[in-house]
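# Residue-level structural notes
Each chain, written out:
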Amino acid sequence: MDFNSRDWCVRVIFTLHSLHSNSVQNLLNREVVITGASAGIGAETARIMAAAGANVTIGARRIDRLETLAGSLREQFDVVIRPVETDVTDPNSVSELFDSTDGEAIDVVVSNAGMAHSGDVEVMSDNEYRDMIAVNIDGMFFTAREAIPRLRETCGILIFVGS
């Protein structure tokens, strides 16, 4: 079967929506951290989690988009939404994201930040490649390293999104 990126996004969002539909009580008042939340799958995941009653800390580089999303989610769902400017390629920035949960125990982490190169590999520059690897691999590692000790305390879950 041939999937384009839009099909993949729809399938991931549908799966998250199914999780929400079947687990609303399980997410009520839970603490969720999401990277790459300023658009796409990350923003939709934040919406689904907030609709289920979770308090959500959202991170991404584009703070203006995060603040817009946070305002909308707070108004629509009456939950705590914490927007935090985050660069997942910087371990200190990822650490600050997790420290922004106001000391709340974390139940779910969605490591969603990612980037793609939109061109032929043979013309990709070394810097474009390194930037992509820094977000897609280092960012996942830094997020997991911060998340795992905190999730152990709550028997929480870590979700990696690749799209």
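These lines cover the structure that appears in this document, whether it is placed above or below.

Before going further, it helps to spend a moment on the pairing of strand β3 (residues 81–85). Here strand β2 (residues 55–60) pairs with β3 via five bridges, running parallel. Across the sheet, residue V56 finds its bridge partner in β3, namely I81. One crossover worth recording links β2 to the parallel β3 by way of helix α3 (residues 63–77), and it is right-handed.

So, on to the packing of helix α2 (residues 40–51) against α3. For the pair α2 and α3, interaxial distance at closest approach is 10 Å and the crossing angle is 20 degrees. In this view, α2 runs roughly parallel relative to α3, as classed from their interaxial angle. Judged by the sense of rotation from one axis to the other, the crossing of α2 with α3 is right-handed. In this structure, α2 uses A43, A46, R47, A50 and A51 to contact α3, whose residues at the interface are L69, L73 and F77. Of the residues that constitute the contact of α2 with α3, the class distribution is seven nonpolar, no polar and one charged.

What follows covers α3. Across its 15 residues, α3 extends 20 Å between first and last C-alpha, which sits within 8% of the 21 Å expected from 1.5 Å per residue. For α3, the full list of buried residues reads L66, L69, A70 and L73. For α3, the buried positions fall inside an angular range of 105 degrees around the axis, keeping them on one side. Residues of α3 that are exposed and point over 90 degrees away from its buried face: D64, T68 and E75. Phi turns positive, to about 55 degrees, at D78, one or two residues after α3.

What follows deals with the packing of helix α4 (residues 91–99) against helix α5 (residues 126–154). Packing of α4 against α5 leaves a shortest axis separation of 9 Å and a crossing angle of 35 degrees. Crossing handedness for the pair α4 and α5: right-handed. Here α4 contributes P91, V94, S95, F98 and D99 to the contact with α5, which in turn contributes F142, T143, R145, E146, A147 and R150. Taken together, the residues that form the contact of α4 with α5 break down as five nonpolar, two polar and four charged.

Thresholds applied
- Residues take numbers from 1 onward in each chain, read along the sequence in its written order.
- Residues qualify for local features only when their pLDDT is at least 70, as the model is predicted, and side-chain atom pairs are given and counted only at 80 or more; totals for whole chains, interfaces and linings, by contrast, use all residues.
- To get the side-chain values, take all heavy atoms of the structure and skip hydrogens and water.
- Two strands qualify as a pair provided that DSSP identifies no fewer than 2 bridges between them.
- Numbered from the N terminus, helices here are DSSP runs of H or I no shorter than four residues, and strands are runs of E no shorter than two.
- Crossovers are described as right-handed under a simple rule: with the strands pointing away from the observer, the path leading from the first strand over the helix to the second runs clockwise.
- In this description, a line fitted to the C-alpha atoms serves as the axis of each element, helices being fitted only across the stretch in contact, and the angle between N-to-C directions of two axes falls anywhere from 0 to 180 degrees.
- Oblique is the label for any angle not covered by the other classes, which are roughly parallel (under 35 degrees), roughly antiparallel (over 145) and roughly perpendicular (65 to 115).
- By definition, turning the near helix anticlockwise from the far helix through less than a right angle yields a left-handed crossing, and turning it clockwise yields a right-handed one.
- The contact criterion used throughout is that any non-hydrogen atoms of two residues lie within 4.5 Å.
- Charged means Asp, Glu, Lys or Arg here, nonpolar means Ala, Val, Leu, Ile, Met, Phe, Trp, Tyr, Cys or Pro, and polar covers whatever is left, Gly included.
- One fewer than the residue count of a helix, multiplied by 1.5 Å, yields its expected span.
- In this scheme, a residue with accessible area under 20% of its type's maximum is buried, one over 50% is exposed, and one in between is partly exposed, where area comes from a 1.4 Å probe on protein chains only.
- What the arc covers is the set of directions going from the helix axis to the C-beta atoms.

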